Amino acid sequence: MGADHFSTRLPHGRWLAWDKHLGIAADVGFSDAEFAWMRGAKPRRNVYRHLWSGLNADKSKEGVPGGQASKRQHVSQKPIGLMRHLIQSLKLRTGSVILDPYMGSGSTGCAALQLGHKFIGVEIEARHFDVACERIERALQGG
């Protein structure tokens, strides 16, 4: 995610756009879309749509207590569904290791474990690390 900031330096690959607003959410100061660069991956779609902004944001499957009305636990938290989509696009063997050097609140870790992969996460901020550990533990327990 965020590779569009240095796209002129990337080798050949594909872009996936994450549409966060779906054309219906109010502008809350965050970007209305993010782009992920994927080398060699051939996603079945180039646009992933998931309402992630405003009061109607879909957090129902994110392991966030209270569902849709709850706050995100990290300023740039990604939906677990988005991270599942990206990992599945890689067509890895079950049990592959997923490394996230900027773990944040652990969405990639939750997605990796749900898909049967191993996960290594690195996070410098202790408060984010604690949130990630809690979310990943729930993912391990099937919640």
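Structure shown above.
Conventions used here
- One numbering rule holds for all chains: residues counted from 1, following each sequence as written.
- Per-residue local features of the predicted model are confined to residues with pLDDT of at least 70, and side-chain atom pairs are confined, for both listing and counting, to 80 or more; whole-chain, interface and lining totals are unaffected and use all residues.
- Note that water and hydrogens are dropped before the side-chain values are worked out from all heavy atoms of the structure.
- Strands here mean DSSP runs of E at least two residues long; helices mean DSSP runs of H or I at least four residues long; both are numbered from the N terminus.
- All accessible areas in this document rest on Shrake-Rupley with a 1.4 Å probe, and a residue is counted as covered only by the protein chains that are shown.
- Nonpolar core, defined: a set of buried Ala, Val, Leu, Ile, Met, Phe, Trp, Tyr and Cys residues in which side-chain atoms within 4.5 Å join the residues together.
- Remark: exposure states derive from per-residue accessible area (1.4 Å probe, protein chains only) relative to the maximum for the residue type, with buried under 20%, exposed over 50%, and partly exposed in between.
- Any helix carries an expected span of 1.5 Å times its number of residues minus one.
- Taking the helix axis as origin, the arc is that swept by the directions to the C-beta atoms.

Caption draft 1: Local environment of the overall build of the chain. Within the chain, the regular secondary structure consists of three helices and five strands. Going from N to C terminus, the chain has its helices and strands arranged as β-β-β-α-β-α-β-α. For the chain, the computed accessible surface area is about 8,800 Å², with 53% contributed by carbon and sulfur atoms.

Caption draft 2: Broad picture of the nonpolar core. Within the largest apolar cluster, 20 residues are counted, with the highest numbers of intra-cluster contacts made by Leu 16, Leu 82, Leu 86, Ile 87 and Phe 119. Among the elements of the structure, β1 (14-19), β2 (33-38), α1 (80-89), α2 (107-114) and α3 (126-140) are those that each provide at least two residues to this core. Here the element with the most residues in this core is α1; it accounts for five residues.

Caption draft 3: Representation of α3 in the model. Here α3 contains 15 residues, and its C-alpha end-to-end distance of 21 Å stays within 8% of the 21 Å for a straight helix at 1.5 Å per residue. Among the residues of α3, His 128, Ala 132, Arg 135, Ile 136 and Ala 139 are the ones counted as buried. Projection of α3 onto a plane perpendicular to its axis shows the buried side chains occupying an angular sector of 100 degrees, all on one side. The outward face of α3, more than 90 degrees from its buried face, is lined by the exposed residues Ala 126, Arg 127, Asp 130 and Leu 140.

Worth remembering: the numbers are spatial, not functional.
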